[in-house]
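Structural overview
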Amino acid sequence: MTDSPENNVPDAPAKNPAPKLRTELRSELRNWCEAWKTCLQNVLSQASGQPAAFEISCQPVPGADSDVWYTVVAGGAVHGEMTLRLPAASGTRLAQKFLSETEPASEGITPEHKEALEELLRQIAGLATTALAPTAGGEVQFHLSASAAPSWSSDAIVCLHTRDEAGTPITIEIQISPALAAELQSRVQPAPPAQTSPRPSPQPSPQPSPQPPSQPSPPPSILPPPPSSYRRLMDVGLDVKLRFGTRRMLLRDVLALSAGVVVELDNALHSPVDLLLDGRLIAQGEVVIVDGKYGLRITDVVDSAPVAGSPV
């Protein structure tokens, strides 16, 4: 009796199991994503004038060819990459809230909405540079740009999701690269083990040593003024100005100015904007939009140390 053909079919080779995603985030990764969530809520609430509340989950969102990708490169205290992936509908809805639009969105994401979405994410990244300093152990810089899907395998995937007033889901997926995850993990210092010291043997009581003569107190002329002196000035109004750039012009060019003439400034497009107090530079930052008005997010406070010999 011969074996039937089906009995001679070799076993199919076993497939490699799919990589398991993290269902529980390490503390440093959760703190990182919580900071991004908080910054997203703050910027979106200020832009739209309505409170925004997002939740965190570790369940990835099904991908689509129409998804919008952004890569965030971290520098400063930590180095690495992370990506932001948004379904086209979520990206369009966020752009509409940022632009205070209420009409229904069209199919896909328009170039105008994509530009508004990128500006929204840039503002979130700018706010996150300050919020993430404790987690990163120092100052962090972010560079955000539109991109394709990452070439690296994600160390962790986190989703921020909410629903708008009409119940439409809004989702942002964060993917953290292994390089960034390793940098964050290295910032976590393990607690030193408790050390027990041997019981000290009784020692003879020390003889009191002579006390050194007390140091004379500094003269009153160099003591700082009492806080009450500053309180009198707290309600004084000061005019500050934003300086987007400068340009030196010839007199003939100034006299030739008319409506429609474009004056090119020396500053680059994304260079910091100066905050001036009485013509003196006191801080720098980046321009943001708050409730339809211009604002300045401070990124650097200029040290205005007094000149030697001038009164403090």
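Given the structure is predicted, the values throughout are model-derived calculations rather than measurements. (Residues numbered from 1 in each chain as written. Predicted model: local features only at pLDDT ≥ 70, side-chain atom pairs only at ≥ 80, totals over all residues. Heavy atoms only, no water.)

1. Brief notes about the pairing of strand β10 (residues 293–301)
The side chains of a regular strand alternate, first on one face of the sheet and then on the other. Convention followed: DSSP bridges decide pairing: two strands pair if at least two such bridges lie between them. Secondary structure elements are defined from DSSP: runs of H or I of at least 4 residues count as helices, runs of E of at least 2 residues count as strands, and each element is numbered from the N terminus.
When strand β9 (residues 280–290) meets β10, the two strands line up antiparallel, connected through eight bridges. Following the sheet pairing, Glu-286 is matched in β10 by Arg-297. The antiparallel hairpin formed by β9 and β10 contains two residues in its connecting segment, where Asp-291 sits at a positive phi of about 55°.

2. A short note on the confidence of the model for the protein
Formally: As a per-residue quantity, pLDDT reports the predictor's confidence and falls between 0 and 100. Any pair of residues with heavy atoms lying within 4.5 Å of one another is described as a contacting pair.
Averaged over every residue, the pLDDT of the protein is 79; residues scoring 70 or more account for 74%. Taken as a whole, residues 1–22 scores under 50 in pLDDT and shows seven contacts with residues more than four places along the chain or in a different chain. Low confidence marks residues 306–312, where pLDDT is under 50. Its contacts with residues over four positions away, or in another chain, come to zero contacts.

3. Details of the sheet that holds β9
Note the following rule: Note on definitions: angles span 0 to 180 degrees between N-to-C directions of axes, and those axes are lines fitted to C-alpha atoms, for helices only across the stretch in contact.
With respect to topology, four strands assemble into an open sheet ordered β7-β8-β9-β10, the strand pairing being antiparallel. Strands at the two margins of the open sheet, each flanked by one partner only, are β7 (240–243) and β10. With strand direction ignored, the average angle separating the axes of adjacent strands in the sheet is 40°. Bridge analysis of β7 against strand β8 (residues 273–277) gives four bridges, and the strand direction is antiparallel. Within the sheet, the bridge partner assigned to Val-240 lies in β8 and is Leu-277. Packing against the sheet, helix α3 (residues 111–131) makes contact with β9 and β10, and its axis sits at approximately 135° to β9.

4. Focus: the packing of aromatic side chains
Note the threshold: Ring geometry is summarised as follows: Phe, Tyr and Trp rings, the Trp one being its six-membered ring, pair when their centres sit within 6.5 Å, and such pairs are stacked at plane angles under 30 degrees, edge-to-face over 60 and tilted between the two. Using a 1.4 Å probe on the protein chains alone, a residue whose accessible area is under 20% of its type maximum counts as buried, one over 50% counts as exposed, and one in between counts as partly exposed.
Here the structure, examined in full by the defined rule, presents two aromatic pairs. Taken together, a centroid distance of 5.8 Å and an interplanar angle of 80° make the contact between Trp-32 and Phe-142 edge-to-face. Here Trp-32, found in helix α1 (residues 27–48), pairs with Phe-142, found in strand β4 (residues 140–147); they are 110 residues apart in sequence, far enough to count as distant. An identical accessibility class is assigned to Trp-32 and Phe-142; each is buried. Ring pairs connect the aromatic residues Trp-32, Trp-36 and Phe-142, which therefore count as one cluster.

5. Digging into the sheet that holds strand β5 (residues 156–163)
The strand order β1-β5-β6-β3-β2-β4 describes an open sheet built from six strands, whose pairing is antiparallel. Strand pairing shows two members of the sheet lacking a second neighbour, β1 (55–57) and β4, which therefore form its edges. Across the sheet, the mean angle separating the axes of adjacent strands is 25° when strand polarity is ignored. Relative to strand β6 (residues 169–176), strand β3 (residues 80–86) runs antiparallel, the two being bridged by four bridges. Bridge pairing in β6 links Met-82 to Ile-176. Seen against the sheet, helix α2 (residues 88–98) touches β3 and β6 and runs at an angle of roughly 110° to β6. Sitting on the sheet, α3 touches β2 (68–76), β3 and β4, and the angle it makes with β4 is about 165°.

6. Some thoughts on the side chain of Asp-274
Basically, it comes down to this: What qualifies as a polar contact is a pair of N or O atoms within 3.5 Å, subject to a donor-acceptor requirement within protein and to the restriction that residues adjacent in sequence count only when both atoms come from side chains.
Here Asp-274 is to be found in strand β8. Taking relative accessible area as the criterion, Asp-274 reaches 10% and is therefore assigned buried. Within the structure, the side chain of Asp-274 is placed 2.9 Å from the side chain of Gln-284, a separation counted as a polar contact. Not counting residues up to four positions away in its chain, the partners in contact with Asp-274 are Lys-241, Leu-242, Arg-243, Leu-281, Ala-283 and Gln-284.

7. Describing α2
Of all the 11 residues making up α2, 10 are buried; the element is thus mostly covered by neighbouring parts of the structure. Among all positions in α2, only Ala-88, Ser-90, Gly-91, Thr-92, Arg-93, Leu-94, Ala-95, Gln-96, Lys-97 and Phe-98 are buried. Looking at the packing, one finds that the buried side of α2 touches α1, β3, α3 and β6. Just downstream of α2 lies Ser-100, where phi reads positive at about 60°.

8. What about the packing of α1 against α2?
Relative placement of two packed helices is described by the angle separating their axes and the distance separating the axes. Let me state the cut-off plainly: Roughly parallel means an angle under 35 degrees; roughly antiparallel, over 145; roughly perpendicular, 65 to 115; everything else is oblique. Following the grouping adopted for this structure description, the nonpolar residues are Ala, Val, Leu, Ile, Met, Phe, Trp, Tyr, Cys and Pro, the charged ones are Asp, Glu, Lys and Arg, and the polar ones are all others, Gly among them.
Here α1 crosses α2 at 50°, and the two axes come no closer than 8 Å. The orientation of α1 relative to α2 falls into the category oblique. Of α2, the residues touching α1 (which contributes Leu-44, Ala-47 and Ser-48) are Leu-94, Lys-97 and Phe-98. Of the residues belonging to the contact of α1 with α2, the class tally is four nonpolar, one polar and one charged.

9. A few points about the environment of Ala-35
Tracing the sequence through the fold places Ala-35 in helix α1. The exposure class assigned to Ala-35 is buried, which follows from its relative accessible area of 12%. When the C-alpha positions of Ala-35 and Leu-127 are compared, they lie 9.4 Å apart, and in sequence the two are 92 residues distant. Filtering out sequence-adjacent residues up to four positions away, Ala-35 remains in contact with Ala-131 and Leu-132.

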